[in-house]
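The chain contents come next:
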Amino acid sequence: MPEITYREAVNQAMAEEMDRDSDTFVMGEEVAQYDGAYKVTEGLLKRFGEKRVLDTPISECGFAGLGIGAAMMGLRPIVEFMTWSFSFVAFDQIFNNAANIRYMSGGEINIPIVFRGPGNGGVNVGATHSHTPENFYANAPGLKVICPATPYDAKGMLKTAIRDNDPVLMMENTILYNNKEEVPEEEYLIPFGKADIKKEGTDLTFIAHGKAVLTCLKAAEILEAEYEVDVEVVDLRSIRPLDEETILNSVKKTSRVIIVDENKPFCGVGAQIAYIIQEKAFDYLDAPIKRVSAVDAPQIYSMPLEQVQLPNAQRIVQAATSII
């Protein structure tokens, strides 16, 4: 199997699906002539032409609405946001229209659209460019939200998203774009609502998604080496739909759990998962549920301080030692 980057995995998924279905097209700021702000759409304009790879004005509300209209008419748009922080000016289009049209039409109109792009802090670009808004969008019935952490998962889940008849929001992370992994050349799809055990363990469960999964794996190495603690790492991959079964089975096995995510803590993804665990697996817990999230403040511009604001291995280890 060839080893490719996360960036290349996303690119391959789009190219393969555009080859498979001529109704699939890409649009967004700088996705064509410039090959994408993060070079994720590199080569697509040359391969598919300007009718299927479209540069848009700097108007997220405008091109998000255009994409939703195209999806209503049977096309399959892939809309790139340069950062998910910029999606907020299109919040009505996504949250109110894309999420509700199938319901409001009595099932007559599908919205087969994918919104994708980076949503993350940690790259020193300030509070208005550093949101991780998966918790906002997962609140809306009708939207599917995915956060793959690896190149393998990114490719398989994006291909699934493009074929889905409902709106799918894929949150990527610029810090992951250069990460490499072996990815099969043959076609594969990864279903939504299916978490992945990235590391088996018996003593303690980490639950995470996106870049936080890799942070958890680092913390797990430290805990094993220094404390002889065997950690299980559950990668959610899909936020909505959510794989409750895998979460609960892991908690029942280890009886201790730490939820790690780069959301702010108030009304975050971790809060919902903590509620599910206490409701459905309370009797299996031998210690309180712990959460490690971003410090609850606007994203800090200072790079050293931002690295402390986001979950890091040291903060996770500290939380772990408090319950073992």
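All values derive from a computational prediction rather than experimental measurement. (Residues numbered from 1 in each chain as written. Predicted model: local features only at pLDDT ≥ 70, side-chain atom pairs only at ≥ 80, totals over all residues. Heavy atoms only, no water.)

Another point: the packing of aromatic side chains. Under the criterion given, the structure shown has ten aromatic pairs. On the basis of an interplanar angle of 15° and a centroid distance of 4.8 Å, the ring pair of F91 and F95 is categorised as stacked. You can see F91 and its partner F95 sitting in helix α4 (residues 91–98), four residues apart, about one turn around the helix. Given the relative accessible area of 29%, F91 is considered partly exposed. (Phe/Tyr/Trp six-rings, centres within 6.5 Å; stacked < 30°, edge-to-face > 60°. Helix = DSSP H or I, 4+ residues; strand = E, 2+ residues; numbered from the N terminus. Buried < 20%, exposed > 50% of the residue type's maximum accessible area, 1.4 Å probe, protein only.)

With that out of the way, let us pick up the nonpolar core. I94, F115, Y137, L169, I207, I273 and I277 are the most contacted members of the largest nonpolar core, which totals 43 residues. Elements with a contribution of two residues or more to this core: β2 (24–28), α3 (60–72), α4, α6 (134–138), β7 (168–172), α9 (244–254), β13 (257–260) and α10 (269–280). Shared between two domains, this core holds at least three residues of each, these being domain 1 (3–182) and domain 2 (196–321). Not counting chain neighbours up to four residues away, the residues in contact with F115 comprise A64, I68, V79, F81, W84, I94, V168, L169 and M170. (Core = buried A, V, L, I, M, F, W, Y, C linked by side-chain atoms within 4.5 Å. Domains from an automatic or database assignment. Contact = heavy atoms within 4.5 Å.)

Taking 1.5 Å of rise per residue, the twelve residues of α10 would be expected to cover 16 Å, and the 17 Å separating its terminal C-alpha atoms lies within 8% of that figure. Along α10, the positions that sit buried rather than exposed are V269, G270, I273, A274, I276 and I277. One side of α10 holds all its buried residues, which, seen down the axis, span an arc of 160°. Contact partners of the buried residues in α10: α6, β10 (204–208), β12 (238–240), α9, β13 and β14 (290–292). (Expected span 1.5 Å × (residues − 1). Arc of directions from axis to C-beta.)

At a minimum axis separation of 9 Å, helix α8 (residues 211–227) and helix α12 (residues 313–321) run at an interaxial angle of 55°. One way to sum up the angle between α8 and α12 is to call them oblique. The handedness of the crossing between α8 and α12 comes out as right-handed. For the pair formed by α8 and α12, the contact residues are T215, C216, K218, A219, I222, L223 and Y227 on the first element and A313, I316, V317, A320 and T321 on the second. Broken down by class, the residue content of the contact of α8 with α12 amounts to nine nonpolar, two polar and one charged. (Axes fitted to C-alpha atoms, helices over the stretch in contact; angles between N-to-C directions. Parallel < 35°, antiparallel > 145°, perpendicular 65-115°, else oblique. Left-handed = near helix turned anticlockwise from the far one by under 90°. Nonpolar A, V, L, I, M, F, W, Y, C, P; charged D, E, K, R; others polar.)

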